[in-house]
Structures are given as structure tokens and as C-alpha cells.
Amino acid sequence: MNKWTRRGFIGAGVLTGGALVVGVAVRPGNPVDKLRGDVASGPGEELVNAWVKIDHDNTVTAIVPHCEMGQGAHTALAQMLADELDADWAKVAVMQAPANGFYVVPDTAREFVAKWSVDAPNWIEPTYNGLFTQVARLADVMITGGSSSVRTTGQHTMRMAGAAARHMLVAAAARKWGVPEGEVVAENSLLSHKASGKSATYGEFAEAASHEHMPQTPPLKDVSQFKLMGKGLKRLDIPAKVDGSAKFGLDAAVPGEALRYAAVKAAPVPGAKVEAINAEAARTMPGVLQILNMGDFVAVVADGYWQAQQALNTIEASYSKTDGDLLDSAMLRARFAKALDAAGDAGGKSLARRGDAVGALKGAAKKVTAEYQVPFVAHAAMEPMNCTARVAGGKCEVWTSTQVPLMARSAIAKALGIGAEDVTVNQLYLGGAFGRRLESDYPVQAARIAKATGYPVKMIWSREEDTRQDFYRPADTSRFSAGLDAGGKVLGWNNVFTQLNDPPGSWDVAHYDIPAVSIRRAEADMHLRFGSLRSVDHSQQGFFIESFVDELAHAAGQDPFEFRRSLLAKSPRHKAVLEKVARMAGWGSPLPKGTARGIAIVKSFGTIVAEVAQVSMQDGRPSVDKVWCCADAGYVMNPDGFAAQMEGGIIYGLTTALYSGITLKNGAVEQANFDTYPMVRMDEAPDIEVAFINADTRELGGAGEPGLPPIAPAVCNAIFAATGLRIRELPVMSHFA
Amino acid sequence: MSPPPLRGLVLAATVALPLAGCAKKAPDPIEQIVVRKPGDPPVVVPLASTDPVAAGKRAFAASCSACHAASADAAKGVGPALYGVIGRKAASVPGFAYSAAMKGSGLTWSGPEIEALIANPQGIVPGTSMNAGAVSDANARHAIVQYLKTLGPKG
């Protein structure tokens, strides 16, 4: 295999009881250690990341540094490790790595800090990997996000750890049996030697294997040798979720201690302080233990959650004034418009510039302009934010569901004024996250409350609090102008918008063959906390770009599929995905009146996804009846899990497209519960058909997010085809009230 | 679901040590009211012995606030805001989707009528979409109305 698959130094060790542990370690004497100072590396190799454990009873445990939030990462990562190890899948278990600072994710750091290093020459690898492990540790990179688990940790760490462990087991067996290594077969967690008839389990050789030489760059399997990778293996976490034994953040218990409950309410306008509270009624209510004005939020602690919440509801609070107090959605929109007006045709910060877009538009036979708007969007994870905390003797322990356990640990340490080593973060399953649990505000709140009470507290946010105190997908306005020649060819593309978060390039249209492109950002402030929501900037950029491309197709008098197809002439992988989804959907075949199809294609997080939505108008409202989805993620490790992610992305994206709209009044969020912030439900869920193309086994794309961006434009393009109404502002249903 | 912006990582990587020295601690509580310790018997406040408005506010919090807001500027809830409800015509909060039954009730909300409503919502407005919120204790119903009377422009 090529250097892509070689990541890090491997270290090995034996646990008490003789289990073999293989991991990725930083070599002592690595120059980076000296550069970075105090990173511990004692005599011999320090085990930084241990990824696989083989017990005497022949159980293989994959230790994974990513959290499980329903996306199936635990299964896919174990699958990759087990395949390289030639383990018996029936005897494979998964364990969530503890958040102790050792299980950092160097490849995630590498992906996001310095993409260039991925192609560093071989000889420099050791240094780079050491460097990135340090970077990862210093920056608390134990992140589940960016649709990255399989394509980074899986490809570069789990597979390598599995292959190395396999090599060591074979070497140990060959030594004991006195036969050449090449004659020992490792299969299904068994070692055997045909000529002598000897055989043993992996478990029997676990300890001996740990004394064998550790290959630093073990050869990895070619696709033709995959036994588990590429198979739709059943999810390992599902049985516990079906029988109810799975533990989510909300299920947290503090061993040996009774729990009290806290309900909280933060100042409604971000940045405001709680100046005073009137808790007259609350202090006489049943179950109430404590009432706390924490400065930025109010908390009631009671024997039960509902008692705490009811008492909290009676508390009147006054808040300090902020600059955001008068802001409402219309004012914010006006602010965006002002910034865009000021940027005009050529102003603002240039993000992409190829050719002379302004000039190209001047000479065009036809000019098309459009403005699109999206509102703030809340994550609305079904499990509301919550955290259980205990603070005693200068130490803090929390039990919670988080995408960033190490960042949570640092944030708590900082808030309490103690060392990170005095904070323990226990991770539980996440009942949805979608990027909301990349923030550590709620673990910090719980830790502060538990410090004040001195006894363990489980803090649970109400749904209203969850909706009103989010880190929102930002609202934005995007303006486009484009020029077409007489034959309908796109000559120039000029685009400007105001909000930019992550990932870089979400706004680009480089896959389309357009000679002159100018893409700019005109910055405009806002006071709401913004964060990453499933697919991040692609969630709005997909809608903007693919809606406008559709408008261009109609302006050119061409079929929207054929129009995109010719624009993708120089992007064969995009083109293949688009063609396949059109075939799946029977694009072009006749439909009943009032029913139409819309198409869109977006590449995000390394995966190209095209979707066709079929929409029918029912009692004057659009109904999304069917969605076809085709994806090219390089290579799909678990087709079943991958399809589930595409479906999940589509349903989540449908909620965003059809319903989600967070609006502001007097600086505060107006929506509160699901009556004002509705989501797509079972009865509205379309039939979804998913297919994929495996076009590149070397560089993989993600799965968690890429299904989302094409759905909003596909639906809006279908609504246009069905009704002639062009939706330029989300949510869709606000046009059909 | 992408990690926090790039700058966060780069910053942490390059200036982690100096930053660690000037970390800011979150403030301790500004006000901490300890009502009782865990395990202590509950504070018993008999309804009758306290100010009826305070008692009503408590009862409102327990029985009504999940659906109704008490302030004028509150966002929409499951039920209409009850700010200024005394003396108000039934089904008159603009923008709230009342049931046909409530719209056609012809009621104007006086104290006794609200007491009757919360004794048995379907009894006084058959077909109302207020599906919960019945209060069985007459003292509590009376107290809630005393509290509702304090909500409104005249205060």
C-alpha cells in the first residue's frame, strides 16, 4: 500500500492479566518532544493511543476515540480494525476510549490543522505524526465531527493497529511452533499451521505476541482481500438501544450516591447578565433545595427534575442591557443587506477568483440575478442538553454526552480554576448531537452548580432552553449574478454572502465548468452564538448554489439535469453520480399534474452526493414523496450504515428546509418547543432510495453530513417545476402557511 | 458537525502554554438561597396560611405554566398567554390558533368563569383544545385566579 495508510508509530504493551494491547505511540527522542517540552515519554515507548486489546478468552476489543451518536462510527471502526486483524466478528467488542488526554485523534488534527502534511514525503512522516499527536493533545482534539471517523481514524489508525497486532500474533505462533512465519495462517481469531496440524486462539498468544517485534508500517489489505470492510455488518450498539440497556447522558448515575436535579434558565439575550431574581414563590415549592443566581443563568436544584423546572418557571429575573436588546430578524436582515450593498459587484473579501466575472457578465447575452435567504437554525437534538456533575475535594467528575470530551474537560477545569488532570469526563451515548455537542457550555454549567451545592447534581435543560440557548447555524443572505451566452453556456458567476464558519470551500463551484468566477464575503456581525450544524456551511451554501444553478438552467431553456451534466464535463466523478441518480429516479419520465422532480448535487466532507426529490402539491402544500440519493464516498466501509447516514442527513435536512426558522424579537429567540419549532415526523418522511459508487479506495469521504446539503435545493427545485414558484427564502413552509 | 473553526486549533497549538497561565475562572454564584439540605424534610407551606397571590403563583407554575405564559411579550406556547386575561373576551389573543369551540363560546373571562374552566375545561367549553390543566382543589383554583388578576397593564 502507499504511504497514505501509514500513520504513526506503533507501541505495544501487556495489561495485567496478559492481554495484548497495540496502539500508536510517540517515539521517545522524537525531536518534537523537545520542541514541545514536557510531554511525558519515559524509558521505552510510551503508549499514547491504544486501539486494540486481545484478551485471554479470545475477545478482541477495539478501543475507539470517537463517540457514538447514532452515526454508527463504533461499528465501522471496529469493522476496519477487525478485518486487518482477521478477527472473528462474532468475538469483537467496542469500547469508548476514556477522555484522559491520551486518546487524542492525530489524524483529525492533521485534517484540520494542516492538510498539506497528509502528502508529506515518507521520511518526514515520523516527525509529522509525532507533531500532530502533540498538537492534538495540546488542542484537546478528541473530536467526533467533520464526518471524519472512518476516513481519518479508521483509515489511518484502526486498520494499522489491527494489521500490526495480526503480524505480532503470527510471529509469536511461528516462534513457539518452530515454523516459518509465512506458513502460519491467521483467520477468524485463530492461528493455525497446516503441516503440523497445530492451532491456537489469538487469546492464547496475546501475551507472547506483545514481546514480538512491532512493524511500524504493516502492509494493509488490498480491497480484493477485504472480508469485513465493505460489508453491511449489523450495528454493535443497536441491541442495547432496542432492549433499553444503552446508557445515554440522561441516564447517568453517580455510583453510590443519590442524585439531585437542576433546571436552568440563561439570560434570554446572549451576553446579558442576571442582575436580580425574585424567588419568593419558588422557595416554598415542593422538593426545592437551592436557588442559584449564577450571574449568567439561574438554576433551581430540587429532589426531582420536574420540581426544579416548575419552581424555576416562577422565578422572575431582571437582566442587564446589551447591544442586542432591540435586535429582531428584520433588522438583522437589513444589516446583511447593507453589508452586501456596500460590497457591490466586486467588494468584500475575495474567496475565489478565476477570470474576470464582472467583465464576463457585461458581455453576456442574458444576465440572471437572485438573492437567497436562510434563517438561524437550532440543532434540536432529541436528548436535550444535560450533564451530571460531582465536585468534591478540588476534583470534578462529570457524566455526559459530548462530541469533545477533552475540550469539555479543559473548559470545566478553567471554569472551576482547577487542573485538567483533576477533571474526569465520563462519556455516554449521545441522543443526537448534530454539532450542538461540540460546545462545552452545558458541562461547565453543571460543574458550576455542583460546586455550589457540594453534592452531585444532574442538570437537564428544558426543550425551551435547548431551543433558545443553542449555537445556531447562522442566518445569511447570498446574492448571485451570472451571465449566459446565446446558447445557454455559463460565462460568468458572481456571488457574495455574509456568513462563513466551516469547512473551507463550501461556497466553491470549481466542479462546474465556468470560465469566470468571483466569490466574496461581506462580513456582517450578529449577536447570537453560532456553531456547527450538520454539514455546517454546506447546509446553506448547498441551497444557495444549487437553487441558482437551477434558475440558470431554466433561464437557458434547458433541462436542469442536462444543464448540470454539461457543466460537469470536466468533473467525471460528479458527472457519474449525477447520471446515476437521474437513472434511479427515472428523470424525464412523465408525472401526474402537480407532481415534479428536482435535482441537486453537492460535494461535502469528501463525498459527492446527488439527490432527486419528487414533490406533489396536496391542498396547496408541497409534500416530499420520494427521494433518490447517489453518493461517491471513495469507498463505503459499511453500506448499511452509510445508507442510514444518507437517509438521516436527508430527513434532518428536510426539517431544516421545510420548517426550521429561528427568529429574533427584542434580541431573544422567539421559538421554544416543538409547536413553534417543528420537525419532520414519520408521516411526512419520504421513501428514500440510496445507491453509491466506489470510485477511489485511497481517499475516503465522510458519511454523517454529506447527505444533507442537496435536499433543500432538490425540494425547492421540484416545487418550482411543479408550481412555477421559486423559493428563495427558507423555510419552505413559510410560503405555504 | 465539523470541529470548531480552524483558528481554534491553530491557536491552541501555538499558544497553549501562555494561555494556560491566564485562564479565567467562572464566577461563583452571585446569590445562593439554600432552602434545605438533601434528605431534610420538605418545607410545608399550607396554602391557606400564605398570601393567596403567592399561593396562586405557585399553583399556576405547577398546573398552568407548561402551556401558558404569564407575560405580555412571551413567545407563543401550547396555550395563549394569560397576561390580562381577566375581563378579556375568550379566544381574543391575536395569532393564537383557538379551537372552534373556544371561538364560539361567547365567554368573557371573569374570575368565577376561569375557576369553572379549570375545574373542568370540557364542562364549560365542550370541545376545547385545552386538554389538561384541570385543578381539583377549589382553594387552589381560587388562588390561581387571584394571581391572574395581578397580571395585566393595571398590575
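Being a predicted model, the structure only gives us computed values, none of them experimental. As a convention, each chain's residues are numbered from 1 in the sequence order in which they are written. For naming, the first written chain is A and the first written ligand is 1, with later ones following in the order written. Per-residue local features of the predicted model are confined to residues with pLDDT of at least 70, and side-chain atom pairs are confined, for both listing and counting, to 80 or more; whole-chain, interface and lining totals are unaffected and use all residues. By convention in this description, side-chain values take in all heavy atoms of the structure and omit both hydrogens and water.

## Re the overall build of chain A
Secondary structure elements follow DSSP: runs of H or I no shorter than four residues count as helices, runs of E no shorter than two count as strands, and numbering proceeds from the N terminus. Helix and strand content of chain A: 18 helices and 28 strands. Buried, partly exposed and exposed residues are distinguished by accessible area as a fraction of the type maximum, computed with a 1.4 Å probe on protein chains only: under 20%, between the cut-offs, and over 50%, respectively. With 737 residues in all, chain A has 62% of them scored as buried. Residue pairs in contact within chain A that sit at least 24 positions apart in sequence constitute 76% of those at least 6 positions apart. In this analysis, two residues are considered to be in contact whenever any of their non-hydrogen atoms come within 4.5 Å of each other.

## Focus: the sheet that holds strand β16 (residues 386-392) of chain A
The pairing criterion is simple: DSSP has to find at least two bridges between the two strands. On the basis of which strands lie adjacent, the open sheet formed by 8 strands has the order β18(A)-β17(A)-β16(A)-β19(A)-β9(A)-β12(A)-β11(A)-β1(B) and mixed pairing. Edge positions in the sheet fall to β18 (423-427) of chain A together with β1 (31-34) of chain B, since each of these pairs with one other strand and no more. Ignoring which end each strand starts from, the neighbouring axes of this sheet average 20 degrees apart. All axes here are fitted lines through C-alpha atoms, helices being fitted over the stretch that makes contact, and every angle between N-to-C directions spans 0 to 180 degrees. Taken strand by strand, helix α8 (residues 305-313) of chain A contacts β9 (260-266), β11 (288-293), β12 (297-302) and β19 (457-460) of chain A, and its axis lies near 30 degrees from that of β9(A).

## Let's talk about the packing of aromatic side chains
All names here are of chain A. Two rings from Phe, Tyr or Trp (for Trp, the six-membered ring) form a pair when their centres sit within 6.5 Å of each other. Planes less than 30 degrees apart are called stacked, planes more than 60 degrees apart edge-to-face, and all others tilted. Applying the stated criterion across every chain yields a total of 17 aromatic pairs over all chains. Seen from their ring centres, F248 and Y429 are 5.8 Å apart, and the 45 degrees between their planes marks the pair as tilted. Separated by 181 residues along the polypeptide, F248 in the loop between α7 (238-243) and β9 and Y429 in the loop between β18 and α12 (441-453) bring together distant segments of the chain. Residue classification places F248 among the partly exposed residues on the basis of a relative accessible area of 23%. Feature note: the residues Y372, F480, W493, F543, F544 and F548 constitute an aromatic cluster, connected by ring pairs. Our definition puts a charge over a ring when NZ of Lys or CZ of Arg is within 6 Å of the ring centre and also within 35 degrees of the ring normal. When the ring centre of Y429 is taken as origin, the NZ or CZ atom of K241, which lies over that ring, is 4.3 Å away. Residue placement shows R726 over the ring face of F720; its charged tip is 4.3 Å from the ring centre.

## As for the nonpolar core
For the purposes of this section, nonpolar cores are sets of buried Ala, Val, Leu, Ile, Met, Phe, Trp, Tyr and Cys residues that join through side-chain atoms within 4.5 Å. Counting residues in each nonpolar core, the largest one holds 72 residues, and the members touching the most others are A:W493, A:I519, A:F548 and A:V715. Of all hydrophobic cores here, the second largest spans 43 residues; its members include A:A164, A:L169, A:A186 and A:L233.

## Examining the side chain of A:E546
Within the secondary structure layout, A:E546 lies in helix α14 (residues 537-555). Among the residues examined, A:E546 registers a relative accessible area of 1% and is labelled buried.

## Examining the side chain of A:T402
All names here are of chain A. Within the secondary structure layout, T402 lies in the loop between β17 (395-400) and α11 (405-416). Residues adjacent in sequence count toward polar contacts only when both atoms are side-chain atoms; beyond that, a polar contact is any pair of N or O atoms within 3.5 Å, and within protein one must be able to donate a hydrogen and the other to accept it. One polar contact links the side chain of T402 to the main-chain amide nitrogen of V404, over a distance of 2.9 Å. Excluding residues within four positions of it along the chain, T402 makes contact with C67, V425, Q427, L430, R437 and Y442.

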